[in-house]
Amino acid sequence: MKTLAKTFQQNLLLAVAFKVVHDALVFVSPQLLKLLIAFVSDEDSFAWQGYLYAILLFLAAVIQSLCLQQHFSLCFQLGINVRASLIAAIYKKVSTRKESTVGETVNLMSADAQRFMDLANFIHQLWSSPLQIILSIVFLWGELGPSVLAGIATLLLLLPINAFLVRNMKNKDERMKIMTEILNGIKILKLFAWEPSFEKRVNEIRAHELKNLMNFSYLQSVSVFVSLASFAVYVLVDENNILDAQKAFTAISLFNVLRFPMATLPMVISFLVQVRPTQGRGCRGILCPNQQLGLRCGMDPQGSVHRTLLAVGAVRFSEATFAWEQDGNAAIRDVTLDIMPGSLVAVVGAVGSGKSSLVSAMLGEMENIKGHINIQGSLAYVPQQAWIQNATLKDNIIFGSELDEARYQQVLKACALLPDLELLPAGDQTEIGEKGINLSGGQKQRVSLARAVYSNADIYILDDPLSAVDAHVGKYLFEHVLGPKGLLQKKTRILVTHSISFLPQVDNIVVLAAGAVSEHGSYSTLLANKGAFSQFLNLYGNQEEDLGDYFPEESTTTSAAWGWTSRRLGPIQQPVTNGTHHLPAALVKIAPVPRRRGALWAARWSPKAVLGVTAHGLMGSIGPQVKFSMYLRYLRAVGLCFTFWIVMGYVGQYAAYVGSNLWLSDWTDDSVRYQNQTYPTQQRDLRIGVFGALGVSQGESLFLLFATMLSARGTVRASRVMHQQLLSNILRAPMSFFDTTPIGRIVNRFAKDIFTVDETIPMSFRSWISCFMAIISTLIVICLATPFFAVVIIPLSIFYYFVLRFYVSTSRQLRRLDSVTRSPIYSHFGETVSGLSVIRAYGHQERFLKQNEITMDINQKSVYSWIVSNRWLAIRLEFVGSLVVFFSALLAVIAKGTLEGGIVGLSVSSALNVTQTLNWLVRTSSELETNIVAVERVHEYMTVKNEAPWVTKKRPPHGWPSRGEIQFVDYKVRYRPELDLVLQGITCDIGSTEKVGVVGRTGAGKSSLTNCLFRVLEAAGGKIIIDDVDIATIGLHDLRKSLTIIPQDPVLFTGTLRMNLDPFDQYSDEEVWKALELAHLKTFVQGLPERLLHLVSEAGENLSVGQRQLVCLARALLRKAKILILDEATAAVDLETDHLIQTTIRSAFADCTVLTIAHRLHTIMDSNRVMVLHAGQIVEFDSPEQLLMKQGIFSAMAKDAGITAAESTAL
């Protein structure tokens, strides 16, 4: 807070000056009113006095409105500046340290920065409200004496409302965190049919959130018995106190003045209350002063990674010990290493041995316990899971450096990206979706590698970049990029790898075990040492001798003709021979891929699909007006019966209001009637009684209480209904929806728009109704006092109407622009958080900060225009209000002789009130309009087309599938209606418990096949029959629960380990432990302090990729369905683990039908049959032995992989 005050000093002072003038004038009007009433009641006064008072009233009102608008304009400018600086600060802070999860930070940026902005808008009320309150009390004391205290006491009782908000923030954070995860892992949720479990989790949190909201609304609805209390006391205290017009109406207009600060003060205090938890959260490492940053580009607070000149070596570890948390267990212990400039160092070790941690330590992402690391020169980093920005392919590679066309082309060629560019619709200008959604795993990895190569750094840290590409491409990349003859031959390269095949060609090998270096040296040294490494090699080396040194000529041509570039995962195979012979370069060229591969590409890239960012998608429907149906839809969600009674409540309230005011004006005329007598007691009691009855029922109370209580219930109901429909519909949307919709956009619906439906719309609705009623009732009162006034109303209301029309449409479009320009801020932010380690490694924080500021500025422009348009409107409207005051006073002066003081007082004091109310009416109608857009946006996603129903009337028999037979009958499928077929009529039978391998190059339709079995893609023709049941006839969940898949990317969710394995709690602990044991995780889990209740962090960050893969295996073991589909996922796993997984699958799933989508042939050589797909058709389907005999595609592939007929049986 202090910092903010210092920064915006000038703005604050100016605003204070304007506000003081305005506040002074506010109190002049009631005094003028008092004089005016005296003038009307006094027979002998001169006419010019009356006119003077009327003109003065008018002038006071105009100057008052000008000052107030200037003041507000300054405040709102302050608000947007504060928001901008906060978002920039949060961004800057996050880009230097990774503290909180993505969900929390996005929440900090959206909701909380907004809260600071709201507070800044009204910050001056903190001093101005008490000032106005004190002045009003002083003046009131002058009018009514001590009786005022009664009214003020009533006001004070109504202040304490705000404890509820703090609790709600926690729920909201929690809900957003789960939502982000659900959306990121939606594919897994669908394949495992887990949606109901997660839906339940979200709904539970939501229920708490709504309960707090409800209590909050109830408390707000109790209010305002003020004027009654004071008048009653005043008249009851003393016989001689007669309430005359002057006293009563001056007092009422003062009470009206008092009302505004009394209402805003609690509001400002509640903003403060809301900002406090925000400050707490922000400070937890985001807004508080930065720790002393080391020399590295703003990471690694202890400066344990030095950038000093070394006498020798490029990287030196000196007894380096690092942990993930400041006081956690060390992940890397006492590493002492020297890495020479220009050398290629391989880091190997089992899953969880600390390879990735070693990399993170060098990047400064870990906490230093002792020792340090010296790095000389710039870094480039290729992470294990490629991070791709939402930008063009070219931007992703150049990554903010200068464009050097020759080098760029050289890099593309070396990284084998040229064939891919031919397939992309716009070549290297193709826009890549969020998280690289429209690239395959191998392509992402190659782009990520190309980015590193292009950056031309001194030191390359490569975290297993070759795992996501298949053998053939991996070998090419090693030769052209990483190896002794590659582009990077002069650079220092640190390569983490699981593949043995390249080890003979590296200069130095570091073997890690449990976070420490167990041995290091050259390949030959380590073999001679006969240590762990050489045993490991002897064990697994033979599997890897796949690619024969020289291909016989013809096999190369076949492989070339096939352009065999599988895009999926799989370690690299290359001969573990003496590594001296190199293939003739001509043979390694990856052949241009036949055009037909385009089918799948087209499927991902149809023009309509390119990210669905069509203009319509961005703006929602921009009709001339927000459709009336949106209001109806909201009211329906509230409940029409509720709505009717709420409106009736407000009507009743204002009828009573007019009544009580007329009664009061009649009462004040008693002072003339009983001029010189004591006031009769029964008359007094009658007056107070009726005034009280009307006042009380005027809800300045009962009606109001009735209406607000009802609306509290109704609006919370609406929130519940809308969120529930939105959630259940999003979970039922087909996969294609998630592929074409950026996640940020969906998250925005759940964060910002649901917040609006929860909190903003109910407030707007309430204030709109009461403003509308108040204006109508005021006009009626004035017309009753001075009937001529009706003539003036007509031109005024026409003017008013036009201003309104003009303003509301502008305001609405500006608000739309605001929300459209706001999304990029969040998506850019989310992207930054997920790619932090990369951005920091390249030292690009500055550029990303710049980018963030640019996106912010675009958003600020639309916000600023909106604020200015508000001020424009306010000045014009308040002028209308001032005219109303002027005319009601003028007419009173003209009609002087015929009027009683009471009625004049009534009409002018109502008029004084009308200015504010008119202003609020427009403000609330436009606010209501802009906020109702949220209903429209939520609704847009409530009507997304759903996939097939989860459960249909036709249920499969119990225990289905019992045999596990699968038949494809002329099965065709396409990704979207307007695209070509991906599978072009597949017919085959797979017998019970048969093991079938599926091979084929990229785009042959291997993955589409799994998608079809789970009906992620629906058939375009033909059918699939499992155990005599046509899968298209049963519900999706019945189908998906009966199949099991081990997916390619291991996805985990926040929650306990047990929840990740069994979200529905269907299995006993024994079964879970059994599955863990089979998955070779038992010892690991037993070693954890909470064992099965171990908390998995966001996206499973606190487990290594290999361990996540094993958790996915445990999931499959637990479900134990008759049919298992293996989308081969041995990418991130070292050979040992890979071996474990393969053995487990062979033993545990012996009695199941297993389909393996293979990227490495040797994993499927022991299948019963192999299915070879090409361009969406089965070209060969037989046992591996048969296929090797006949000179077909498969045998050519096997030759490429160096598998001969003899070897296949040996496996």
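As recorded by an unreviewed UniProt entry, the chain carries the name ABC-type glutathione-S-conjugate transporter and is attributed to Taeniopygia guttata. In the Catalytic activity (unreviewed entry) part of its UniProt record, the chain is described as follows: "leukotriene C4(in) + ATP + H2O = leukotriene C4(out) + ADP + phosphate + H(+)".

Visitor: I keep staring at the overall build of the chain and nothing clicks. Help me out?
Guide: The number of helices and strands found in the chain is 43 helices and 22 strands. For the chain, contacts bridging at least 24 residues in sequence account for 82% of all contacts bridging at least 6. A total accessible area of about 46,900 Å² is found for the chain, and carbon and sulfur atoms account for 61% of it.

Visitor: Help me understand the sheet that holds strand E10 (residues 516-521) in this model?
Guide: The pairing of strands in a sheet happens through backbone hydrogen bonds and is either parallel or antiparallel. Judged by pairing direction, the sheet is mixed, and its 6 strands sit side by side in the order E6-E7-E8-E4-E9-E10 without closing on themselves. Across the chains shown, the open sheet's two edge strands, defined by having one partner strand only, are strand E6 (379-382) and E10. Averaged over all pairs of adjacent strands, the angle between their axes in this sheet comes to 15 degrees, without regard to strand direction. Judged from the 5 bridges that link them, strand E9 (residues 508-513) and E10 form a sheet pairing that is antiparallel. Within E10, the position partnered with Ala 513 by the bridge is Ala 516. Here helix H12 (residues 355-363) sits on the sheet and contacts strand E4 (344-348), E6, strand E7 (459-463), strand E8 (492-496) and E9; the angle it forms with E7, its principal contact strand, is near 145 degrees. Seen against the sheet, helix H17 (residues 471-482) touches E4, E7 and E8 and runs at an angle of roughly 160 degrees to E8.

Visitor: How should I be thinking about the side chain of Ser 65 in this particular structure?
Guide: Topologically, Ser 65 is positioned in helix H3 (residues 47-94). Here Ser 65 falls in the buried class, since its relative accessible area comes to 6%. Apart from residues no more than four positions distant in its own chain, Ser 65 is found in contact with Ile 875 and Glu 878.

Visitor: Please explain helix H37 (residues 1069-1078) as it appears in this structure.
Guide: An α-helix turns once per 3.6 residues; consequently, residues spaced three or four apart project the same way. Every buried residue belonging to H37 is among Val 1072, Trp 1073, Ala 1075 and Leu 1076, and all of these are buried. For H37, the angular spread of the buried residues around the axis is 160 degrees, confining them to a single face. On its buried face, H37 is in contact with helix H36 (1057-1061), helix H38 (1082-1086) and helix H39 (1105-1119). His 1080 sits one or two residues past H37 and shows a positive phi near 60 degrees.

Visitor: What's the story with the packing of aromatic side chains in this structure? I'm lost.
Guide: Each aromatic ring pair is characterised by the separation of its centres together with the angle its planes make. Using the criterion set out here, one finds 22 aromatic pairs in the structure. When the ring of Phe 886 is compared with that of Phe 887, the centres are 5.6 Å apart and the planes differ by 55 degrees; the resulting orientation is tilted. Feature note: the residues Phe 58, Phe 879, Phe 886 and Phe 887 constitute an aromatic cluster, connected by ring pairs. The side chain of Arg 749 reaches across the aromatic face of Tyr 941, ending 4.2 Å from its centre. Against the face of Phe 1064 rests Lys 1041, its NZ or CZ located 5.4 Å from the ring centre.

Visitor: Please explain the sheet that holds strand E11 (residues 966-974) as it appears in this structure.
Guide: Read across the sheet, 4 strands follow the order E12-E11-E14-E15 without closing on themselves; strand pairing throughout is antiparallel. Each having just a single partner strand, strand E12 (981-990) and strand E15 (1029-1030) make up the two edges of the open sheet. Sheet topology places E11 next to strand E14 (residues 1019-1026); 6 bridges connect them, and they run antiparallel. The residue of E14 that forms the bridge with Val 973 is Ala 1019.

Visitor: Would you take a moment to explain unusual backbone geometry for this structure?
Guide: Trans is the prevailing form of peptide bonds, just as negative phi is the prevailing case for residues other than glycine. Residue Pro 961 follows Trp 960 across a cis peptide bond; omega there is -10 degrees. Structurally, the position occupied by Pro 961 is in the loop between helix H33 (901-942) and E11. The residue Asp 334 is not glycine, and still its phi comes out positive at about 40 degrees. Locating Asp 334 in the fold gives a position in strand E3 (residues 330-339). Although it is not a glycine, Asp 1028 adopts a positive phi angle of roughly 65 degrees. Tracing the backbone through its elements, the reader meets Asp 1028 in the loop between E14 and E15.

Visitor: Whenever I open this one, the nonpolar core confuses me. Can you help?
Guide: Considering soluble globular proteins, one finds that nonpolar side chains tend to be buried as a cluster. Val 315, Phe 317 and Ile 509 are the most contacted members of the largest nonpolar core, which totals 101 residues. If sequence neighbours within four positions are ignored, Ile 509 has contacts with Ala 346, Val 348, Leu 503, Glu 519, His 520, Gly 521, Tyr 523, Leu 526 and Phe 533. Listed in part, the 83 residues of the second largest apolar core include Ile 188, Phe 738, Ile 1024 and Ile 1123.

Visitor: What is the right way to look at the pattern of salt bridges in this model?
Guide: A pair can form between side chains of opposite charge whenever their charged atoms are brought close. Throughout the structure, instances matching the rule amount to 28 salt bridges. In this structure, Glu 195 and Lys 190 form a salt bridge, with 3.6 Å as the shortest nitrogen-oxygen distance. By the burial criterion, Glu 195 is buried, and Lys 190 matches it. Taking the shortest distance from any N to any O, the salt bridge between Glu 199 and Arg 732 comes out at 3.9 Å. Residue Glu 199 is found in helix H9 (residues 195-220), and its partner Arg 732 is found in the loop between helix H27 (702-731) and helix H28 (735-740); the two are separated by 533 residues along the sequence. Note on Glu 199: relative accessible area 13%, which makes it buried. Taking the relative accessible area as the measure of exposure, Arg 732 reaches 26% and is therefore partly exposed. One continuous salt-bridge network, built from bridges that share partners, spans Arg 175, Arg 206, Glu 209 and Asp 758.

Visitor: I'm lost on a nonpolar patch on the surface in this one. Help?
Guide: Taken together, the side chains of Val 21, Phe 46, Trp 48, Tyr 51, Leu 52, Ile 55, Leu 56, Leu 59, Ile 63 and Ile 894 define a hydrophobic patch exposed on the protein surface, amounting to about 940 Å² of accessible area. Broken down by element, the residue count for the nonpolar patch peaks at 7 residues, all from H3. When you line up the elements, Tyr 51 lands in helix H3. Of the residues examined, Tyr 51 reaches a relative accessible area of 34% and is grouped as partly exposed.

Visitor: When you look at the pairing of strand E13 (residues 995-999) in this model, what are you seeing that I'm missing?
Guide: The side chains of a regular strand alternate, first on one face of the sheet and then on the other. In terms of burial, E13 is a largely internal element, 4 of the 5 residues being buried. Note that E13 and strand E20 (residues 1153-1157) share 4 bridges and pair parallel. Counterpart to Lys 995 in the pairing with E20 is Val 1154. Relative to strand E21 (residues 1169-1174), E13 is paired through 4 bridges, and the arrangement is parallel. Residue pairing in the sheet places Gly 997 in a bridge with Val 1170 of E21.

Visitor: How should the packing of helix H29 (residues 743-785) against helix H30 (residues 789-834) be read in this particular structure?
Guide: Each packed pair of helices is defined by two parameters, the angle between the axes and the distance between the axes. Axis separation between H29 and H30 bottoms out at 15 Å; the angle between their running directions is 175 degrees. Taken together, the axes of H29 and H30 are roughly antiparallel relative to one another. Residues Asn 748, Lys 752, Leu 779, Ile 782 and Cys 783 of H29 touch H30, and the partners they reach there are Phe 789, Ala 790, Ile 793, Arg 822, Ser 823 and Tyr 826. In terms of residue class, the contact of H29 with H30 is made up of 7 nonpolar, 2 polar and 2 charged.

Visitor: Sorry if this is basic, but what is going on with the packing of helix H2 (residues 9-41) against H3 here?
Guide: Running from N to C, H2 and H3 cross one another at 160 degrees; their axes reach a closest spacing of 8 Å. As judged from the angle between their axes, H2 and H3 are roughly antiparallel. Crossing handedness for the pair H2 and H3: left-handed.

Visitor: What exactly am I supposed to notice about helix H34 (residues 1006-1013) here?
Guide: Within H34, 8 of the 8 residues are buried, which leaves it mostly tucked inside the rest of the structure. Turning to H34, its buried residues are Lys 1006, Ser 1007, Ser 1008, Leu 1009, Thr 1010, Asn 1011, Cys 1012 and Leu 1013. Directly beyond the C-terminal end of H34, a positive phi value near 55 degrees is found at Arg 1015.

Visitor: Before we go on, may I ask you to explain the environment of Glu 1090 in this structure?
Guide: With respect to the helices and strands, Glu 1090 occurs in the loop between H38 and strand E18 (1095-1096). The spatial distance from the C-alpha of Glu 1090 to the C-alpha of Thr 1056 is 9.3 Å, given a sequence separation of 34 residues.

Definitions and cut-offs
- Residues numbered from 1 in each chain as written.
- Predicted model: local features only at pLDDT ≥ 70, side-chain atom pairs only at ≥ 80, totals over all residues.
- Heavy atoms only, no water.
- UniProt positions renumbered as here; feature names shortened; annotations may be inferred.
- Helix = DSSP H or I, 4+ residues; strand = E, 2+ residues; numbered from the N terminus.
- Contact = heavy atoms within 4.5 Å.
- Areas by Shrake-Rupley, 256 points an atom, 1.4 Å probe, with all protein chains shown as cover.
- Pairing = 2+ DSSP bridges.
- Axes fitted to C-alpha atoms, helices over the stretch in contact; angles between N-to-C directions.
- Buried < 20%, exposed > 50% of the residue type's maximum accessible area, 1.4 Å probe, protein only.
- Arc of directions from axis to C-beta.
- Phe/Tyr/Trp six-rings, centres within 6.5 Å; stacked < 30°, edge-to-face > 60°.
- Lys NZ or Arg CZ within 6 Å of the ring centre and 35° of its normal.
- Core = buried A, V, L, I, M, F, W, Y, C linked by side-chain atoms within 4.5 Å.
- Salt bridge = Lys/Arg side-chain N within 4 Å of Asp/Glu carboxyl O.
- Patch = residues over 30% accessible without salt bridge, like charges linked within 9 Å, V, L, I, M, F, W, Y side chains within 5 Å.
- Parallel < 35°, antiparallel > 145°, perpendicular 65-115°, else oblique.
- Nonpolar A, V, L, I, M, F, W, Y, C, P; charged D, E, K, R; others polar.
- Left-handed = near helix turned anticlockwise from the far one by under 90°.

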